[in-house]
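What follows is each chain in one-letter form.
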Amino acid sequence: MPTCPHARACGACQHVNEPYAEQLARKDARVAELFGGIDGAELRLILGMDDPYRYRNKVVSPYAPGKKLPGAAPAGKGKGSRGDRARDARDRRAAGRPRHEILCGMYAAHSHRIVPTDECLVENEEAKRVILAIRNLMPRFGMEPYREDAGSGFLRHAVVRVGHTSGEMLVTLVTNGREFPGSRAFCRELVKRCPGVTTIVQNVNERQTNVILGEREQTLYGPGFILDQLCGLSFRISSQSFYQVNAVQTEVLYRQAVELAGLTGTERAVDAYCGTGTIGLVAAKHGAAQVTGVDSVASAIRDARENARHNGVENARFVVDDAGAFMRKAAAEGERPDVVLMDPPRAGSSEEFLESLAACAPARVVYISCNPETQVHDVRHLERRGYRLRVLQPVDMFPHTDHIETIALLEREGGR
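Residues numbered from 1 in each chain as written. Predicted model: local features only at pLDDT ≥ 70, side-chain atom pairs only at ≥ 80, totals over all residues. Heavy atoms only, no water.

Draft legend 1. Spatial organisation of the packing of helix α6 (residues 247-261) against helix α7 (residues 278-285). Taken N-terminus to C-terminus, the directions of α6 and α7 make an angle of 50 degrees; their axes are 10 Å apart at the nearest point. One way to sum up the angle between α6 and α7 is to call them oblique. Here the hand of the crossing between α6 and α7 comes out right-handed. Seen from α6, the contacting residues are Tyr-254, Ala-257 and Val-258; seen from α7, they are Thr-278, Ile-279, Val-282 and Ala-283. Broken down by class, the residue content of the contact of α6 with α7 amounts to 6 nonpolar, 1 polar and no charged. (Axes fitted to C-alpha atoms, helices over the stretch in contact; angles between N-to-C directions. Helix = DSSP H or I, 4+ residues; strand = E, 2+ residues; numbered from the N terminus. Parallel < 35°, antiparallel > 145°, perpendicular 65-115°, else oblique. Left-handed = near helix turned anticlockwise from the far one by under 90°. Contact = heavy atoms within 4.5 Å. Nonpolar A, V, L, I, M, F, W, Y, C, P; charged D, E, K, R; others polar.)

Listed below in structure tokens is the structure:
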């Protein structure tokens, strides 16, 4: 079993140095504690990974100044005029001599202190190499790391996304300003060092905020997106797209969800909180007669429609709407789906959504949750409205962490 030397300082993977079998047993026990009191429910064992390492296909790293390097003059205290000092700084950058070391890696738990990590047991190795290559190129191209307290410096973060099946890599450089002198030469050198990089995007974020990405961006190299395959479908992934970071377990999760939905080719399904349409498109391809995806985020729906078009899926449509409001209107108009697939945020569903779902009275509900503690609350609410929990299937999407993903199959008593 490999061990992580950064585990205590980093804290991102709470159990990375524990045997994986023990981690899975702990998660099974937690699920049983939450759902064990529900009569008639089949609590299945968690589905773990054969190889629970290097699974994160999205790697994010901040860049920040570290300790002052030997021979560097203190900022703002060199001899001569302000103009002389500015020219000196430019000369130092041009010569590839930074004033401070450049830190990249993980934030320590509950802080903005960077734990330098040249290796990570859960991050994709190729993506990690790109993160480090960017750090090593920054002095050569005069790219100062972002200083959070002063709001100064140029490069804030890099986000690297890797297509699990395609191997394509998207690099997003988050900069504190739009001007990027030498960007074409920088991109050429990065691709030379990391040939797997197929596209590079500059995202501009000039706000003093904890949010990583800004709203403005431009493509510096390549098409500006990558393609990847999931459950036999092809998905276009851009810098802003939501896409699961563990592709191996996402396939397990989605295939289990579609299997529990019991699709036979005749069902009308609703994909609530559909995001970019991944689970809905999988259902449309694997047994649903018609799928309607609903999400309140317009950009996500645009991506979902593009993904449907790209895959030639004609039995799925996507609408911008609040999921609860959509279900309420469907019930009022007598449009009752046979199956509802739902994947709400960590906070769970609203009471309004659950009531509107019950009013639509689908025969089956497949509830995917990234937080079983809120899911059990919602399940009990639906039980009071005529549903029964039949199966609960945990999936280990994030090995070495406390995170548990669960799929709940609920059936309406008496059918329709």
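Draft legend 2. Molecular detail of the state of the cysteines. For the coordinates displayed, the defined rule picks out 0 disulfides. We note that Cys-120 lacks a disulfide partner, and the nearest cysteine sulfur, in Cys-13, lies 5.8 Å from it. Cysteine Cys-187 remains unbridged, with the sulfur of Cys-194 as its closest cysteine sulfur at 12 Å. (Disulfide = S-S within 2.5 Å.)

Draft legend 3. Local environment of empty space enclosed by the protein. Scanning the model with the defined rule gives 3 cavities of 30 Å³ or more in all. As a volume, the largest cavity reaches approximately 100 Å³. Every residue lining the largest cavity is counted, 14 residues in all, and those nearest its centre are Cys-4, His-6, Cys-10, Cys-13 and Cys-120. Taken together, the residues that form the lining of the largest cavity break down as 10 nonpolar, 3 polar and 1 charged. Taken as a whole, the second largest cavity holds about 40 Å³ of empty space. Looking at the second largest cavity, the residues that line it are Asn-57, Lys-58, Arg-161, Val-162, Ile-226, Ile-237 and Tyr-243. Here the residues of the lining of the second largest cavity sort into 4 nonpolar, 1 polar and 2 charged. (1 Å grid on protein atoms, 1.4 Å probe; cavity = no way out; pocket = protein on both sides within 12 Å on 5 of 7 lines; lining within 4 Å. Points joined across faces, edges and corners; volume = space filled by probe spheres on them.)

Draft legend 4. A look at the packing of aromatic side chains. In this structure the tally under the stated criterion is 5 aromatic pairs. Measuring from ring centre to ring centre gives 5.1 Å for Phe-154 and Phe-180, while their planes differ by 65 degrees; the resulting arrangement is edge-to-face. Residue Phe-154 is located in the loop between α4 (125-137) and β5 (155-162), and its partner Phe-180 is located in the loop between β6 (169-175) and α5 (183-193); the two are separated by 26 residues in the primary sequence. For the pair formed by Phe-154 and Phe-180, the shared burial category is buried. Relative to Tyr-243, the ring of Phe-235 has its centre 6.4 Å away and its plane inclined at 50 degrees; by these criteria the two rings are tilted. On the basis of relative accessible area, Tyr-243 is assigned to the buried category, the value being 8%. In textbook terms, an aromatic cluster arises when at least three aromatic residues are bridged by ring pairs, as seen for Phe-141, Phe-154, Phe-180 and Phe-186. The aromatic ring of Tyr-146 is capped on one face by Arg-156, whose charged end is 4.2 Å from the ring centroid. (Phe/Tyr/Trp six-rings, centres within 6.5 Å; stacked < 30°, edge-to-face > 60°. Buried < 20%, exposed > 50% of the residue type's maximum accessible area, 1.4 Å probe, protein only. Lys NZ or Arg CZ within 6 Å of the ring centre and 35° of its normal.)

Draft legend 5. Representation of the sheet that holds strand β3 (residues 100-107) within the structure. Read from one edge to the other, the open sheet built from 7 strands follows the order β4-β3-β2-β5-β6-β7-β8, with strand pairing classed as mixed. Edge positions in the sheet fall to β4 (114-116) and β8 (216-221), since each of these pairs with one other strand and no more. Here the average twist between neighbouring strands, direction ignored, is 35 degrees. Here 5 bridges tie strand β7 (residues 197-204) to β8, and the two strands are oriented antiparallel to one another. Along β8, the bridge assignment pairs Ile-200 with Tyr-221. (Pairing = 2+ DSSP bridges.)

Draft legend 6. Quick peek at the environment of Asp-28. Tracing the backbone through its elements, the reader meets Asp-28 in helix α2 (residues 20-35). Taking the C-alpha atoms as reference points, Asp-28 and Met-143, 115 residues apart in sequence, are found 47 Å from one another. Contacts of Asp-28, omitting those with residues within four sequence positions, involve Arg-44, Leu-45, Ile-46 and Pro-394.

Draft legend 7. View of the packing of helix α9 (residues 323-332) against helix α10 (residues 351-360). It is the contact of α9 with α10, at a shortest axis distance of 8 Å, that shows an interaxial angle of 25 degrees. Classified by the angle their axes make, α9 and α10 are roughly parallel. For the pair α9 and α10, the sense of crossing is left-handed. Across from Ala-323, Gly-324, Met-327, Arg-328, Ala-330 and Ala-331 in α9, the residues of α10 making contact are Glu-352, Phe-353, Ser-356, Leu-357, Ala-359 and Cys-360. A class-by-class count of the residues in the contact of α9 with α10 yields 8 nonpolar, 2 polar and 2 charged.

Draft legend 8. Looking closely at the side chain of Ser-61. In this fold, Ser-61 is placed in strand β2 (residues 58-68). At 2.9 Å, the side chain of Ser-61 and the backbone nitrogen of Gly-105 are in polar contact. Beyond its immediate chain neighbours, meaning those up to four positions away, Ser-61 contacts Cys-104, Gly-105, Ile-131, Arg-156, His-157 and Ala-158. (Polar contact = N/O pair within 3.5 Å; in protein donor to acceptor, adjacent residues only side chain to side chain.)

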